[in-house]
Amino acid sequence: MPAGEEGSRLSARLVLVLGGARSGKSAFAQSLAERAGGGVCFVATAEDGDEEMRRRIRRHRANRPKEWETVELEGGIRLGKPPTPGRVVLLDCLTLYLSNLMAVRGLDRTDESGASIPEEELERREREVVEEALSLVERLRRRSRLLIVVSNEVGMGLIPPFPSGRLFRDLAGRLHQRLAEEAEEVYLVVAGLPLCLKDGENPLSGERHGGLKRTVDLIGARRQTDGKTEKDAGEGPGAG
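Attention here is on the structure that accompanies the text. For clarity, every value in this text was computed on a predicted model and none was experimentally measured.

## Some points on the nonpolar core
Item 1. In this structure, Val43, Leu94, Tyr97, Leu140, Leu171 and Leu179 are the most contacted members of the largest nonpolar core, which totals 35 residues.
Item 2. Of all elements in the fold, only strand E1 (13–19), strand E2 (40–44), strand E4 (87–92), helix H4 (94–104), helix H5 (119–141), strand E5 (144–152), helix H6 (163–182) and strand E6 (185–190) reach the threshold of two or more residues within this core.
Item 3. For Val43, the contacting residues outside a window of four places in its chain are Val71, Leu73, Pro83, Val89, Leu90, Leu91, Asp92 and Leu140.
Item 4. If you look at the next biggest cluster of nonpolar residues, it comprises 22 residues, including Ala36, Ile148, Val189 and Cys196.

Shown next as structure tokens:
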């Protein structure tokens, strides 16, 4: 972290929210951000490259409170305009950002005939991608009072049939392990229900709970919401 005001700040508390496609992870993360109170900044990693993604982005925007600040990564990878300091920051989603980084580093072209990357060069690019993703998370932590990161758990399904898909799965798994080690709280969302994997100080109340009690409390709080979490209309990852 470079010297200066941003580098001198202490890192905010980190909450990692994992889940599969249409698991309810984005809605759960949004409910955490809403209940934390104060200003919220949504950091979007998606780009409107086609009509399907544009529809997802529109639905995602409609499902967020209008007063939230939105920051879109330039080119899907660069944090140009940083969030307003001191807000709750919600990054959705990390795996799409990882995919964008892989494309920039040429790691999405390892399936093409004759385009394989030498092993040493491949390992160097892999390290750079993971470190760059961790660097973005740390930069956001130093701009926020609470950082919530949403990411897809992609290691529990079928083995991807192509080398680039397997590489993406492996890098995502390594990145998740690094973040889970640093995070105060980690959740896995399945069928709309959050499971507390790692419990620290509650970002909403300051209390400390055991994992099972934390899970039960969160499910109860979710049922008391106004129905926004049931929509989950925006779970196209990172839709700005």
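## Here we look at the packing of aromatic side chains
Item 1. Enumeration according to the criterion identifies one aromatic pair in this entry.
Item 2. On the basis of an interplanar angle of 75 degrees and a centroid distance of 5.3 Å, the ring pair of Phe28 and Tyr187 is categorised as edge-to-face. Remark: Tyr187 occurs in strand E6 and Phe28 occurs in helix H2 (residues 25–36); sequence separation between them is 159 residues.
Item 3. You can call Phe28 buried: its relative accessible area is 2%.

## Quick notes on the packing of H5 against H6
Item 1. Axis separation between H5 and H6 bottoms out at 11 Å; the angle between their running directions is 40 degrees. Taken together, the axis directions place H5 and H6 in an arrangement best described as oblique. For the pair H5 and H6, the sense of crossing is right-handed. Here Leu122, Glu126, Val129, Val130, Glu131, Ala133, Leu134, Val137 and Arg141 of H5 lie close against H6, whose contacting residues are Leu167, Leu171, Arg174, Leu175, Arg178, Leu179 and Glu182.
Item 2. Residue composition of the contact of H5 with H6, by class: 10 nonpolar, no polar and six charged.

Rules of the game
Residues numbered from 1 in each chain as written. Predicted model: local features only at pLDDT ≥ 70, side-chain atom pairs only at ≥ 80, totals over all residues. Heavy atoms only, no water. Core = buried A, V, L, I, M, F, W, Y, C linked by side-chain atoms within 4.5 Å. Buried < 20%, exposed > 50% of the residue type's maximum accessible area, 1.4 Å probe, protein only. Helix = DSSP H or I, 4+ residues; strand = E, 2+ residues; numbered from the N terminus. Contact = heavy atoms within 4.5 Å. Phe/Tyr/Trp six-rings, centres within 6.5 Å; stacked < 30°, edge-to-face > 60°. Axes fitted to C-alpha atoms, helices over the stretch in contact; angles between N-to-C directions. Parallel < 35°, antiparallel > 145°, perpendicular 65-115°, else oblique. Left-handed = near helix turned anticlockwise from the far one by under 90°. Nonpolar A, V, L, I, M, F, W, Y, C, P; charged D, E, K, R; others polar.

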